Amino acid sequence: MNFKAYDILSSLVPGFIVLMVLLNFVNIEYNKDWLIPYTAFAFLLGFVINTVSCWLEDIYYCTWGGKPSNRLLDGKSIWKVRFYEYQKVKSLLLNEVSTDNPSNDQLFAIAMRYANGKKDSRVDDFNANYALSRAILTTVLISTILMLIKNYNDWRVYAITLPILFGVWLRCKQRAYYYAREILNEYHKQKSALSQYKTMIIIP
């Protein structure tokens, strides 16, 4: 079986990390002769981690202060990730719905329909980066819990694992905002291009 680069990053890497932590947790020594079984089991673990990371997404949103797409549409940015055109974009999105008081989730879903599958778009790359960051965050979270359970009385484990967990949590948050902003930017770009095209037709 040939693994694509994204499969290796999103499944094998998190899977191997958790596998090594699990082996240490149950006091089983690594055996280099078992590389193929380890690889298969790591891929399975990585698949499970990706699934769990999807389930934990709403919890991550809570720790981030809310869903990134909702916050960007409300004009709330974070350090290093700002969206200055939120008022214009939200106004354009509101013009596309017939219901009263649509939620930000509904508006963002409209923007996603414009952005997804577009050629020469960076949306897929941002989505893959966010999915990988989310999987890494879940990997570090699981690994930290297991290591703290086994070494609860060792301050060095706290000193190492908790800062790493915070750094990965912060980076995943930024990746989520980058992805949401890219969706909204792509929507804005397409709407602006369509508006210019209509203007050229009306005024030759």
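Everything here concerns the structure above.
Read on for a plain summary of the structure. Since the model is a prediction, treat every value here as computed from it, not as a measurement.

Let us now look at the layout of surface pockets. Volume-wise, the largest pocket comes out at about 200 Å³. What lines the largest pocket is a set of 16 residues, and nearest its centre among them are Glu57, Tyr61, Asn127, Tyr130 and Tyr179. Sort the elements by how many residues they give to the lining of the largest pocket and helix α7 (residues 123-150) lands first, with six residues. Class assignment for the residues of the lining of the largest pocket results in 10 nonpolar, two polar and four charged.

In a regular helix each residue adds 1.5 Å, so 12 residues correspond to 16 Å; helix α6 (residues 104-115) covers 16 Å between its end C-alpha atoms and thus fits that length. Three or more residues of α6 are buried, namely Asn104, Leu107, Phe108, Ile110, Ala111 and Ala115. Looking down the long axis of α6, one finds its buried residues gathered within 150° of arc, a one-sided arrangement.

This part is about the side chain of glutamate 186. Examined against the element boundaries, glutamate 186 turns out to sit in helix α8 (residues 155-202). A relative accessible area of 4% means that glutamate 186 is categorised as buried. Beyond its immediate sequence surroundings of up to four residues, glutamate 186 is in contact with Ala115, Lys118, Ser121 and Val123.

Bringing the packing of aromatic side chains into the picture now. Within the structure shown, the criterion is met by seven aromatic pairs. When the centroid spacing of 6.3 Å and the interplanar angle of 10° are considered together, the rings of tyrosine 130 and tyrosine 179 count as stacked. With tyrosine 130 in helix α7 and tyrosine 179 in helix α8, the pair connects residues that are 49 residues apart, well separated along the chain. Neither tyrosine 130 nor tyrosine 179 differs from the other in exposure class; each is buried. Taken together, the ring pairs connect Tyr30, Trp34 and Tyr38 into an aromatic cluster.

A separate point is the packing of helix α2 (residues 35-55) against α7. Running from amino to carboxyl end, α2 crosses α7 at an angle of 100°, the nearest separation of the two axes being 9 Å. Here α2 is positioned roughly perpendicular relative to α7, judged by the angle of their axes. Contacts between α2 and α7 pair Ile49, Asn50, Val52, Ser53 and Cys54 from the former with Ala131, Arg134, Ala135, Thr138, Thr139 and Ile142 from the latter.

Trans peptide bonds make up the majority, and among non-glycine residues the majority have a negative phi. Located in the positive-phi region is asparagine 27, a residue other than glycine, with phi close to 60°. Checked against the element boundaries, asparagine 27 lands in the loop between α1 (5-25) and α2. Take asparagine 27: its relative accessible area is 62%, and that puts it in the exposed class. You will see that asparagine 101, though not glycine, has its phi angle at about 50°, which is positive. By the secondary structure assignment, asparagine 101 is in the loop between α5 (86-94) and α6. Asparagine 101 gets classed as exposed once you look at its relative accessible area, which sits at 76%.

Trp64, Leu93 and Leu184 are the most contacted members of the largest nonpolar core, which totals 31 residues. Breaking this core down by element, the ones donating at least two residues are α3 (57-63), α4 (68-73), α5, α6, α7 and α8. Per element, the largest residue contribution to this core is 11 residues, and it comes from α8. Here leucine 184 is in contact with Leu72, Leu73, Phe83, Val89, Leu93, Phe108 and Ala111, once residues within four sequence places are set aside. Core analysis: the second largest hydrophobic core is formed by eight residues, Leu19, Leu23, Ala42 and Leu45 among them.

The rules behind these values
- Residues numbered from 1 in each chain as written.
- Predicted model: local features only at pLDDT ≥ 70, side-chain atom pairs only at ≥ 80, totals over all residues.
- Heavy atoms only, no water.
- 1 Å grid on protein atoms, 1.4 Å probe; cavity = no way out; pocket = protein on both sides within 12 Å on 5 of 7 lines; lining within 4 Å.
- Points joined across faces, edges and corners; volume = space filled by probe spheres on them.
- Helix = DSSP H or I, 4+ residues; strand = E, 2+ residues; numbered from the N terminus.
- Nonpolar A, V, L, I, M, F, W, Y, C, P; charged D, E, K, R; others polar.
- Expected span 1.5 Å × (residues − 1).
- Buried < 20%, exposed > 50% of the residue type's maximum accessible area, 1.4 Å probe, protein only.
- Arc of directions from axis to C-beta.
- Contact = heavy atoms within 4.5 Å.
- Phe/Tyr/Trp six-rings, centres within 6.5 Å; stacked < 30°, edge-to-face > 60°.
- Axes fitted to C-alpha atoms, helices over the stretch in contact; angles between N-to-C directions.
- Parallel < 35°, antiparallel > 145°, perpendicular 65-115°, else oblique.
- Core = buried A, V, L, I, M, F, W, Y, C linked by side-chain atoms within 4.5 Å.

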